[in-house]
Amino acid sequence: MTYQDKFGYKTTIENEHWRNEEFQWARILVAGDPAKGMVLLYVQKACTAFHEFEPAWKHGALRPDQVEFFRGRLATRIRHVLVTMENNALDTINGAGELRDILHAVESAQTQEELAELAEKLHTINHVLLDSLEGD
C-alpha cells in the first residue's frame, strides 16, 4: 500500500527529496499531536526564512547594513521553534541542542555571509528534528 493509498494525499512535487519531506510532514500532521504539528510548522517557517535569505544574499539583493535586522528576524524564527519545543516537553529530542547552537550562531553573526552559511546547517537539523518527531 502506498502512502497516497493509505492517507489519500497526493503531492505535485517531482523532486524525490522534496516529495519525501512533504510526505513526512503529512505523516506528522496526520498523527494528531498538536505540539509536534506546531513544531513542524515553526521549524519549516525558520527553514523557509533561511532558504529565502541565503539566495537573496548570494545575488546581492540585500543591503550590507541590514545585518542586525536579519539577525533579529532569523533568530526570532529559531527561538519560536525552541520555545514551542520547551513548552511541550520536546526540547530534549534529537536535534534540539544543535538548534540551540544555530540560534547562538545567528545571534553572534557579524555578517550576512555568516547568516547565509547557516541555511544548510538549519536544513540538516530540520531533518533530524522531524525524524525525531516522527519516531516518538
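S.K.: So what's going on with helix 2 (residues 16-30)? Which residues, and what values?
M.R.: Given a rise of 1.5 Å per residue, 15 residues ought to cover 21 Å, and the 21 Å separating the end C-alpha atoms of helix 2 matches this to within 8%. Every buried residue of helix 2 is listed here: Glu 21, Glu 22, Phe 23, Gln 24, Ala 26 and Ile 28. Of the residues flanking the start of helix 2, the one acting as N-cap is Asn 15, its side-chain oxygen 3.0 Å from the backbone nitrogen of His 17. Count one or two residues on from helix 2 and you reach Gly 32, which has phi positive near 85°.

S.K.: Please set out the confidence of the model for the protein chain residue by residue, giving values where relevant.
M.R.: Averaged over all residues, the pLDDT of the protein chain equals 92, while 94% of them reach at least 70. Mean pLDDT values for the elements of the protein chain range from 58 in helix 1 (residues 3-7) up to 98 in helix 5 (residues 96-108).

S.K.: I'd like a rundown of the packing of aromatic side chains, residues and numbers included.
M.R.: Given two aromatic rings, their pairing is described by the distance between the two centres and the angle made by the two planes. Enumeration over the complete set of coordinates arrives at two aromatic pairs. Pairing Phe 53 with Phe 70 gives two aromatic rings, centres 5.1 Å apart and planes at 55°, and the pair type is tilted. With Phe 53 in helix 3 (residues 34-58) and Phe 70 in helix 4 (residues 67-87), this pair connects stretches of sequence that are 17 residues apart. Phe 70 matches Phe 53 in its accessibility class, with the two residues each being buried. Ring centres of Phe 69 and Phe 70 lie 5.0 Å apart, and the angle between their planes is 75°; this geometry places the pair in the edge-to-face category. The class of Phe 70 is buried, set by a relative accessible area of 16%.

S.K.: Any chance you could break down the pattern of salt bridges for me, citing the residues and the numbers?
M.R.: Enumeration over the complete set of coordinates arrives at four salt bridges. With a closest N to O distance of 2.9 Å, Lys 58 and Glu 54 form a salt bridge. Of this pair, Lys 58 and Glu 54 both sit in helix 3, four residues apart, which is roughly one turn of that helix. In this structure Lys 58 comes out as exposed when scored by relative accessible area, which is 57%. The shortest N-O distance in the salt bridge between Arg 79 and Glu 107 comes to 2.8 Å. Here Arg 79 is found in helix 4, whereas its partner Glu 107 is found in helix 5, with 28 residues between them in sequence. Among the residues examined, Glu 107 registers a relative accessible area of 36% and is labelled partly exposed.

S.K.: Account for unusual backbone geometry, naming residues and giving values.
M.R.: Even without glycine at this site, Ala 89 takes up a positive phi of about 55°. Mapped onto the elements of the fold, Ala 89 is located in the loop between helix 4 and helix 5. The class for Ala 89 is exposed, based on a relative accessible area of 62%.

Rules of the game
- Residues numbered from 1 in each chain as written.
- Predicted model: local features only at pLDDT ≥ 70, side-chain atom pairs only at ≥ 80, totals over all residues.
- Heavy atoms only, no water.
- Helix = DSSP H or I, 4+ residues; strand = E, 2+ residues; numbered from the N terminus.
- Expected span 1.5 Å × (residues − 1).
- Buried < 20%, exposed > 50% of the residue type's maximum accessible area, 1.4 Å probe, protein only.
- Polar contact = N/O pair within 3.5 Å; in protein donor to acceptor, adjacent residues only side chain to side chain.
- pLDDT = per-residue confidence, 0-100.
- Phe/Tyr/Trp six-rings, centres within 6.5 Å; stacked < 30°, edge-to-face > 60°.
- Salt bridge = Lys/Arg side-chain N within 4 Å of Asp/Glu carboxyl O.

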